[in-house]
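# Analysis of the macromolecular model
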Amino acid sequence: MTRTNSGVRGIHAVPIAIGIAVGIFMCHVAAPRLVTQLTGVDGTFRAERCAWGDFDSDGDRTMTCAGDFTASDGSFTLPEIKIDGVFDQRPDAPVAARVSGPSADHAVQMDVVGSLAPIGLGLTAFAFPAWALTAAVRDAADRRRRRRTGPPPTAGGNPDSWGPLPST
């Protein structure tokens, strides 16, 4: 038995919308961080204020910090800037980081894998919506093609019929 359609129905609209929303959110969060890591200005971050944050995936408490960033070439310093990243304890020494430029509002630690993981999750979240939308469009095109190339409908299903008049 061959399948006549992909099985995509209106009820799939919610999972499709959720997949698209999660994919956009994850890429929106991770892409700027990755761009800063790849093209940003090198420098050091000196933590001044740290606070205990949420628990990480291992159940350990982590620390978020704010402080001053100084470019490696000394061309600018950004006071009271937050850093994207977490620490197990308050860093005593300056930490290598990057910023997008002199007007940045946060620094990022050099963790390319940490940025690629959310992008991968975002692209994975796009997989079901992409499949479902492709299948739905293919089904609609197939139905349209069958309507155009199929035989004209006849009254009562009798090919010898002249329409609504009874044939004798």
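The structure reproduced in this document is the subject of the present report. (Residues numbered from 1 in each chain as written. Predicted model: local features only at pLDDT ≥ 70, side-chain atom pairs only at ≥ 80, totals over all residues. Heavy atoms only, no water.)

## What to know about helix H3 (residues 127-149)
Selection criterion: Numbering of helices and strands runs from the N terminus; a helix is a DSSP stretch of H or I covering at least four residues, while a strand is a stretch of E covering at least two. To estimate the expected span of a helix, subtract one from its residue number and multiply by 1.5 Å. Only protein chains enter the accessibility calculation, which uses a 1.4 Å probe; a residue is then buried when its area is under 20% of its type maximum, exposed when over 50%, and partly exposed in between. Whether two residues touch is decided by their heavy atoms; if any such pair falls within 4.5 Å, the residues are in contact.
Here H3 contains 23 residues, and its C-alpha end-to-end distance of 33 Å stays within 8% of the 33 Å for a straight helix at 1.5 Å per residue. For H3, every residue scored as buried is listed here: Pro129, Ala132, Ala135 and Asp139. On the buried face of H3, the contacting elements are helix H1 (13-39) and helix H2 (112-125).

## Considering the nonpolar core
Put simply, the test is: Among the buried residues, those of types Ala, Val, Leu, Ile, Met, Phe, Trp, Tyr and Cys that are joined through side-chain atoms within 4.5 Å form a nonpolar core.
Judged by nonpolar contacts, the single largest core of 16 residues is most densely connected at Phe45, Cys65, Phe69, Leu78, Ile83 and Val99. Among the secondary structure elements, those contributing two or more residues to this core are strand E1 (41-55), strand E2 (61-71), strand E3 (77-84) and strand E4 (95-99). A total of 4 residues in this core trace back to one element, the largest contributor, which is E2. Among residues more than four places away in sequence, those in contact with Phe45 are Cys65, Ala66, Gly67, Asp68, Phe69, Ile81, Ile83, Pro94, Val95 and Ala97.

## A word on a nonpolar patch on the surface
Operational definition: Patch members must show over 30% relative accessible area and no salt bridge, and they are joined within 9 Å when carrying like charges or within 5 Å when they are nonpolar side chains of Val, Leu, Ile, Met, Phe, Trp or Tyr. In these tables, accessible area is a Shrake-Rupley quantity obtained with a 1.4 Å probe, and a residue counts as shielded only by the protein chains included in the view. Any carboxyl oxygen of Asp or Glu that lies within 4 Å of a side-chain nitrogen of Lys or Arg is treated as forming a salt bridge with it.
Side chains of Leu38, Met110, Val112 and Leu116 sit close together on the surface and give an oily, nonpolar patch of about 340 Å² of accessible area. Locating Met110 in the fold gives a position in the loop between strand E5 (106-109) and H2. By relative accessible area, Met110 is classed as partly exposed at 39%.

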